[in-house]
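Structure at a glance
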There are 2 protein chains.
Amino acid sequence: MGEQITYSISEATEEATQGISISYFEKEAFDIVLNSNCTSEEKTRLFAELARFNTLYMVAKAGSGHLGSSFSSLDIISWLYLNVLKPEDRFFSSKGHDSPGLYAVQTALGILPFEKIHALRRLGGLPGHPDVGIPGAVTNTGSLGMGISKAKGFLYADDLLKVKKGRLFVLTGDGELQEGQLWESLVSAIRRKDNRLFVIVDHNKVQSDTFVANVSDLGDLVSKFSSFGWDASEGDGHNLGVIRDFIDEPGKSKPKILVANTIKGKGVSFMEHTSMGADVEYYKYHSGAPGKEDYSLARKELLESINLLGNEMQIVLPNPIEVSADPIRISTESEKMIPAYAEAILGLARSNSRIVALDADLVLDTGLIPFKNEFPNRFIECGIAEQDMVSQAGTMALGGLVPIVHSFACFLTSRASEQIYNNCSQGSKVIYVGSLAGLLPAGPGSSHQSVRDISAMSCMYDMKLIEPMNANQLAVALDWAVNKNQGSTYLRLTSVPYIPVSAGEADMDFTEGRGIVMNEGSQLTIITSGPIMSKQVMIVAAKFKDEMGINVKVIVTPWLNSLDADWYRLMLQDSSKIAIVENHYTENGFGSYIISHLSQAGVLAGRATRMIGLNEKPKCGQQDEILKYHKLDTESIFNSLVQFLDAN
Amino acid sequence: MGEQITYSISEATEEATQGISISYFEKEAFDIVLNSNCTSEEKTRLFAELARFNTLYMVAKAGSGHLGSSFSSLDIISWLYLNVLKPEDRFFSSKGHDSPGLYAVQTALGILPFEKIHALRRLGGLPGHPDVGIPGAVTNTGSLGMGISKAKGFLYADDLLKVKKGRLFVLTGDGELQEGQLWESLVSAIRRKDNRLFVIVDHNKVQSDTFVANVSDLGDLVSKFSSFGWDASEGDGHNLGVIRDFIDEPGKSKPKILVANTIKGKGVSFMEHTSMGADVEYYKYHSGAPGKEDYSLARKELLESINLLGNEMQIVLPNPIEVSADPIRISTESEKMIPAYAEAILGLARSNSRIVALDADLVLDTGLIPFKNEFPNRFIECGIAEQDMVSQAGTMALGGLVPIVHSFACFLTSRASEQIYNNCSQGSKVIYVGSLAGLLPAGPGSSHQSVRDISAMSCMYDMKLIEPMNANQLAVALDWAVNKNQGSTYLRLTSVPYIPVSAGEADMDFTEGRGIVMNEGSQLTIITSGPIMSKQVMIVAAKFKDEMGINVKVIVTPWLNSLDADWYRLMLQDSSKIAIVENHYTENGFGSYIISHLSQAGVLAGRATRMIGLNEKPKCGQQDEILKYHKLDTESIFNSLVQFLDAN
């Protein structure tokens, strides 16, 4: 589920990378293959290779996306679409991050409008993980381990309504087999004798970070599935005959599962995991766009393979279309929180041998590689098994350690919600670090956008929620969580680069419940938190000054669920209007907490308030377009506040 | 995890059941056995039988508790405590609801003060599920499937800190093997070669509702565990030699697991599941206190068995001590929501064939038996696998059904948090029904007290949270959720009997965002929801009238996350103070939502507010003592509001 972040920050950027020339095959090329007189297997092989070529294009154009598992699954997906799926059947990928490959197939077949290949991870385009809002997507995926449960729901509905009697094909990853839900889901499928259900495990041996076997060895999968009562078998996932036989062979009145041994990055030699040296620990092509050189080499290899297959099959294909890639804009002034976090945890761990770090297969994205390298015995890779990770952390704390638990905010706070509460109930002091928090990056889509984690982590017993505004404050916050807070802490971290807002030395002032006044003013006070919204609000404040001559007070606070009422009373005394700007749903998040507790403390008095944040399902797209869509760009925030000031 | 509710409602009760005579053995009796010259096996057998006798006493005295699985596990637990556990070892039960049996052993051995046997499920006594706040409890259990994860955390901490090098013994249920976390947790234990870890499955074949095989067949457990790499074996869990050999036989550098075949209710003939006729669907002695007749029969049988063993072993035991059981007080005016729910869903289902009901092993407690009997094809028993259940419901909705999902609020909203959000993100209209919501019953302890479900269910996309105030309103609410609401609904249901508050016909008015004015007044308005707090608030309002001559306005609203601002503006126009009383943590729940959104809508103006609800970890105990402890009894609420009115 890793996401290498290459998004731009909205203001003051410059072109860090010049656009390169990238290319794709038109739909016509796919049609020629499909209309040829070749065998099904030949057609599928060439079709899959063309789809790889377009997948490479889509990811390069988008600036992010998952190449490795798109490539490993494309032979399977192509076979299904070209030779198996009937109108009454359903297919979906449980892992979801292989969507660029899936889209390449679907655009080639006209299931999706072809021109969408230019709009991967863009607003109105194709989301980073499938969403039922687009044609061909039967269910939302992106949060792992749900696939078989979902398949069963469809089959049950079909049975009861007698409206459709198709088969159900589910592709899963192998890393996601670490999720407990998957094992939950195996049982009742047997009981219901769902022999319309076909599951294929894209067993490409590599999960987000590294080899599955290094993370949490899956053992003998066929034996496991068999012990759960499934009709399980194993075979080469790039051998189309294996896929064909798996589906065509008569069933046994029970669901079938194929462990398809595949190669991550299949089709591009240097991306194939099997080509990696024995000493290579991390697989480089799980997520993120290829660099200029990698792109050119990969393109060349795929083109050679396509030409070779075309020649063998006596098919003449049109040339690919060349276009210039959008430049990736990265600000020279930007700061990144994850590397700062990596440094902060390392510093604390050096002086406190009780600190241990737990990770759920996101060691790259959560900044734990330096920690892991320096303290291998104090690093615990739990795999994609957040519940297991969090419960382990709870007893590690009871056993005398200071466990720090890491994952993306969206998964950590919801997958392990009950386990976190259970830890709190037994007084286990644990530090939960959720990265990728907030609306951005918006490219991966709603499954990865963590805009309800504040609610999810509220009402835990003895838990402080903290969102630092910059790298300096992050270091202080982590130190506070480890050394000062008696209870548990949730650190809400931004993963996109940002232009930092800072009050210099004052960043380091970390008095519970107090923010930092970043801009002096009266009349209107804006309270916010976190790097993205702090920057937005500071720009808005400057705009108020420039355009209207109004000084707006800006308070940036890291404290999402604590509030020093006396401090706020003093700070707010000159303001008749208070706005909260948050990188979260407004329904019951930071704004609700602050306003209701200011009111409770008698600080609100007659002051008018406004909550600005997310009010609907987050859209997928690039940073600027998404902030604008959700009216969280500086212009929209400014306009909303002007209207707020004008109101009675 | 089922809980039969026998708690009294605080006001206007009468004695529905006269106290019966119940009895227990003093610690001295256990000491005599331990100090005898019998063999380890003889001692353990008699000790376990005495513990069963005291377990029966504790549950009868408490008025609730889990007899069946205490009895099935007592031979195992007694063997461990008498012959295995060394000071450096740790033991805990992952299922947790066998705690009465565990406490009977621990009080007999002096690990817990003996007099605590009189205080099961009482404030300051022994919680319904283990809590680290009491001696001998190494971790909190009660939410299922966490045991092996927790064991691994302890072992890891021991290794790293080199402070303790004991073994870890975990007892699990068999029903809880349906939880995905359990399967997550098996994997890394192998990788770490944790051969200090011993897991015993109390395979008593019966989970909360009925036979495990009826719910979700576990299949060949030894084969499953073996396929996950564990050293797995099977044996008779009442044969002490089996337990001894399992622990003593040399290990294989990996964790061991024993599938211990046991009898639920072991020791009392009519409670033994094996004595039930083939036509009996539901096991009667999972939870809840025995009735007068059952108690007497069980007591007699256990005493005979004790005397027989004592004679064989030539041990003379003192007579048990007789005491009178506390009367169970149930109000004649009380109403129950679950039977009303059972009727409501049945009525709707009769006219809408798309309605299906999903359950997670709580068919009795969630009121689904009539539905299941009438619509067996539309009832889906998912077992204790909330994640799988919720994801299935999501695609059932996409497939054209109206799925209604049931469990206890504490587990449904947290175990399946991510799955619920995923459903919302794909526009799956699902109705989530969480029973046992709120602080009461407080007997089961914090694992079962759902006081953060409003936060947990906030910020889902397109989800309405509704808490009906009585049975009439519940029926309207369910109808609204099925027939009017386009999106998803969460119904927050009270499971304890309550004295209903009603506005007659007006209960049926169900305009979104509006409450019902239950009492007219000015100056102070109290907003609340749900049956328990509505009743409390109405009593408080009467008190204001009687004692101070003040008319307090009372608004009871079922809408926890929607608010008709114009309606509230009108209703609140004469009030300068607004209090919210909620059956939930106040941090970011109902009160925060209402106050922040009233403020946002400009309705709050200069009005002072107060949030009254839970502010700390909920305590275990009987209803009245717990309401009082948390200052949610009518006296405390009244005093708090008098002080609020007096303040500036």
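Not measured: the values here are computed from a predicted model. (Residues numbered from 1 in each chain as written. Chains lettered and ligands numbered in written order. Predicted model: local features only at pLDDT ≥ 70, side-chain atom pairs only at ≥ 80, totals over all residues. Heavy atoms only, no water.)

**Things to note about the interface of chain B and chain A**
Buried accessible area, meaning the area lost when the parts come together, often serves as the stated size of an interface. With 100 residues of chain B at the contact, the number on the chain A side is 100 residues. Together, the buried faces of chain B and chain A total about 8,400 Å²; carbon and sulfur atoms form 51% of this surface. Linking chain B with chain A are 2 salt bridges, by the criterion used here. Across the salt bridge formed by Asp388(B) and Lys152(A), the nearest N and O atoms sit 2.8 Å from each other. Inspection of the region where chain B meets chain A yields 60 residue pairs in polar contact (both at pLDDT 80 or more). (Contact = heavy atoms within 4.5 Å. Buried area = accessible area lost by both parts, 1.4 Å probe. Salt bridge = Lys/Arg side-chain N within 4 Å of Asp/Glu carboxyl O. Polar contact = N/O pair within 3.5 Å; in protein donor to acceptor, adjacent residues only side chain to side chain.)

**Thoughts on the relation of the copies chain B and chain A**
Once turned by 180° and shifted 0.0 Å along the axis, chain B lies on chain A with an RMSD of 0.0 Å. Both chain copies can therefore be described as sitting about a two-fold axis. (Least-squares fit on C-alpha atoms with pLDDT ≥ 70 in both.)

**With respect to the packing of helix H2 (residues 40–62) of chain B against helix H3 (residues 68–84) of chain B**
Helix packing for two helices is described by the angle between their axes and how far apart those axes are. All names here are of chain B. With their axes 9 Å apart at the nearest point, H2 and H3 run at an angle of 130° to one another. The angle between the axes of H2 and H3 places the two elements in the oblique class. The two elements H2 and H3 meet at a crossing, and its hand is right-handed. Counted together, Ser 40, Glu 41, Lys 43, Thr 44, Phe 47, Ala 48, Ala 51, Arg 52, Thr 55 and Leu 56 of H2 and Ser 70, Phe 71, Leu 74, Asp 75, Ser 78, Trp 79, Leu 82 and Asn 83 of H3 form the full contact between these two elements. Residues that form the contact of H2 with H3 fall into these classes: 8 nonpolar, 6 polar and 4 charged. (Axes fitted to C-alpha atoms, helices over the stretch in contact; angles between N-to-C directions. Helix = DSSP H or I, 4+ residues; strand = E, 2+ residues; numbered from the N terminus. Parallel < 35°, antiparallel > 145°, perpendicular 65-115°, else oblique. Left-handed = near helix turned anticlockwise from the far one by under 90°. Nonpolar A, V, L, I, M, F, W, Y, C, P; charged D, E, K, R; others polar.)

**A few points about unusual backbone geometry**
All names here are of chain A. Cis geometry marks the peptide bond from Leu 440 to Pro 441; its omega dihedral reads 0°. Here Pro 441 lies in the loop between strand E13 (431–435) and helix H16 (453–457). With phi around 65°, Cys 459 is a residue other than glycine that occupies positive phi space. Structurally, Cys 459 can be placed in the loop between H16 and strand E14 (463–466). Positive phi values are uncommon outside glycine, yet Lys 631 reaches one of about 60°. Residue class for Lys 631 comes out exposed when judged on its relative accessible area of 58%. (Buried < 20%, exposed > 50% of the residue type's maximum accessible area, 1.4 Å probe, protein only.)

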